[in-house]
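Observations on the model geometry
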Amino acid sequence: GLTLFKPSGIAQTLTTFWYNQQGYRLPVGMVSKVQPAGNPLPLIVFLHGAGERGDDFHAARSEGVQTLIQTLEKLGVKQYYILIPQCPKSEKWVESPWSAPDHRMSENPTWPMNLLLKLLDSCRQHLDRVDLNRIYITGLSMGGFGTWELAQRIPDRLAAVMPICGGGDSTLAHRLKNLPVWAFHGSKDAVVLPIRTKAMGMVLKKMGAPCQISLFKNEAHGIWNRVYSNKTYVSWLLQQRRNPQGN
């Protein structure tokens, strides 16, 4: 694997592999920071945006992930996994026009999302010392849509989600009623409309769900480094635990 940097003695290592299922394949990066013995590890699934699509594993080195890792280090997080699947160039995590004011989730996921669901199942079963009560999803832009959709499809397997400038299916928001959500959007975003985050938040808040919405005033689309560099947001994510009874 490729060592990213060593600020705290134990290095993160990046391993890359192809995940193959039913004739389809996704390039995947896994950043691991593992102590030789000890507690179970949280797993953060990071879903990149449209610009990082491809088959070159570059998503694992993208700006958002690097900023997130730097914040985990600043917080002194001793061990973690970050799973970074890469969506192929001509595909999407979610079949929705990004500029639309709303969309309905299709019954069947796109094939990259379908592979991601299977990959996550495989991680839950086989990843060494993974903490099944601390699986988190976060993503930006196209990956923000993917974050909302994963939450809608498997809310009972997740501890919390942090979607950034994405959108979900507001008619399915009720599925997230027991899932901690902190969602972010720039109020001047013209690529993905802020109503996409606000609409999900309105439904969830009406239900008394554990949902927070942060709208950044005068910010446009590219807000992810502002989110991932913020210790408060990242530490909130890692403090959440899955409620096995709740969902």
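Structure: above.
An account of the accompanying structure is given in this report. (Residues numbered from 1 in each chain as written. Predicted model: local features only at pLDDT ≥ 70, side-chain atom pairs only at ≥ 80, totals over all residues. Heavy atoms only, no water.)

Quick look at the overall build of the protein
Counting secondary structure elements, the protein contains six helices and nine strands. Expected size for 247 residues packed as a compact globule is a radius of gyration near 18 Å; at 17 Å, the protein falls within 12% of this value. Once the C-alpha set of the protein is aligned to its principal axes, its extents read approximately 45 × 40 × 40 Å. Per-residue burial for the protein yields a buried fraction of 55% across its 247 residues. Put simply, of all contacts in the protein between residues at least 6 apart along the chain, 72% involve residues at least 24 apart. Within the protein, the 17 negative side-chain charges are centred at a point lying 7 Å from the centre of the 28 positive side-chain charges. (Helix = DSSP H or I, 4+ residues; strand = E, 2+ residues; numbered from the N terminus. Rg over C-alpha atoms; globule rule 2.2 N^0.38 Å. Buried < 20%, exposed > 50% of the residue type's maximum accessible area, 1.4 Å probe, protein only. Contact = heavy atoms within 4.5 Å. Lys, Arg positive; Asp, Glu negative; His and termini not counted. Charge placed at Lys NZ, Arg CZ, Asp CG, Glu CD.)

A short note on the packing of aromatic side chains
Within this structure, the stated rule accounts for eight aromatic pairs. Where W18 meets F57, the ring centres are 5.4 Å apart and the plane angle is 75 degrees; that geometry is what we call edge-to-face. Of this pair, W18 sits in strand β2 (residues 13–21) while F57 is found in the loop between β4 (41–47) and α1 (63–74), placing the two residues 39 residues apart along the sequence. Taken together, W182, F184, F216, Y233 and W236 form an aromatic cluster joined through their ring pairs. It is R25 that lies over the ring of W18; its NZ or CZ is 3.5 Å from the centre. (Phe/Tyr/Trp six-rings, centres within 6.5 Å; stacked < 30°, edge-to-face > 60°. Lys NZ or Arg CZ within 6 Å of the ring centre and 35° of its normal.)

Brief notes about the state of the cysteines
In a disulfide, the sulfur atoms of two cysteines are held together by a covalent bond. Applying the stated rule across the entire model yields zero disulfides. Its sulfur unpaired, C123 is 17 Å from the next cysteine sulfur, which belongs to C87. (Disulfide = S-S within 2.5 Å.)

Observations regarding the nonpolar core
With 42 residues, the main nonpolar core has L43, V45, L83, W93, L120, I137 and L150 as its most contacted residues. At the level of secondary structure, the elements contributing two or more residues to this core comprise β3 (24–33), β4, β5 (80–85), α2 (111–126), β6 (130–140), α3 (142–153), β8 (181–186) and α4 (195–206). At seven residues, the largest contribution of residues to this core is made by α2. Ignoring any residue separated from it by four or fewer positions in sequence, one finds L150 in contact with L47, M113, L116, L117, I137, P155 and L158. V31, A60, L140 and A159 belong to the second largest nonpolar core, which has 33 residues in total. (Core = buried A, V, L, I, M, F, W, Y, C linked by side-chain atoms within 4.5 Å.)

Considering α4
Compared with the 16 Å implied by 1.5 Å per residue over twelve residues, the 16 Å span of α4 between its first and last C-alpha is a close match. Among the residues of α4, R196, T197, A199, M200, G201 and L204 are the ones counted as buried. Tucked inside the fold, the buried residues of α4 contact α3, β8 and β9 (211–216). (Expected span 1.5 Å × (residues − 1).)

Details of the side chain of H48
Examined against the element boundaries, H48 turns out to sit in the loop between β4 and α1. On the accessibility criterion, H48 (0% relative accessible area) is buried. Of note is the side chain of H48, whose polar atom sits 2.9 Å from the backbone nitrogen of C87. Leaving out residues up to four positions away in the same chain, H48 has contacts with R53, A59, P85, Q86, C87, W93, L140, M142 and G143. (Polar contact = N/O pair within 3.5 Å; in protein donor to acceptor, adjacent residues only side chain to side chain.)

Describing the packing of α1 against helix α6 (residues 231–239)
At their nearest, the axes of α1 and α6 sit 10 Å apart, and the two run at 80 degrees to each other. On the basis of the axis angle, α1 is roughly perpendicular to α6. Contact residues: α1 offers L68, T71, L72 and K74, while α6 offers K231, V234 and L238. Partitioned by chemical class, the residues of the contact of α1 with α6 number four nonpolar, one polar and two charged. (Axes fitted to C-alpha atoms, helices over the stretch in contact; angles between N-to-C directions. Parallel < 35°, antiparallel > 145°, perpendicular 65-115°, else oblique. Nonpolar A, V, L, I, M, F, W, Y, C, P; charged D, E, K, R; others polar.)

Some remarks on the environment of D131
Within the element layout of this structure, D131 appears in strand β6. For D131, the contacting residues outside a window of four places in its chain are P40, L41 and P42.

Overview of the pattern of salt bridges
All chains considered together, the criterion is met by seven salt bridges. The closest approach of N and O atoms between E73 and K33, which form a salt bridge, is 3.1 Å. Of the two residues, E73 sits in helix α1 while K33 sits in strand β3, which places them 40 residues apart along the sequence. Judged on exposure class, the residue E73 and its partner K33 are both buried. Here E219 makes a salt bridge to R226, at a shortest N to O gap of 2.9 Å. (Salt bridge = Lys/Arg side-chain N within 4 Å of Asp/Glu carboxyl O.)

Considerations on the pairing of β9
In the sheet, β8 pairs with β9 via six bridges, with the strands oriented parallel. Note that in β9 the partner of H185 across the bridge is L215. At this point the chain moves from β8, through α4, to the parallel β9, and the crossover so formed is right-handed. (Pairing = 2+ DSSP bridges. Right-handed = clockwise from strand over helix to strand, strands pointing away.)

Any functional reading would require information beyond the geometric quantities listed.
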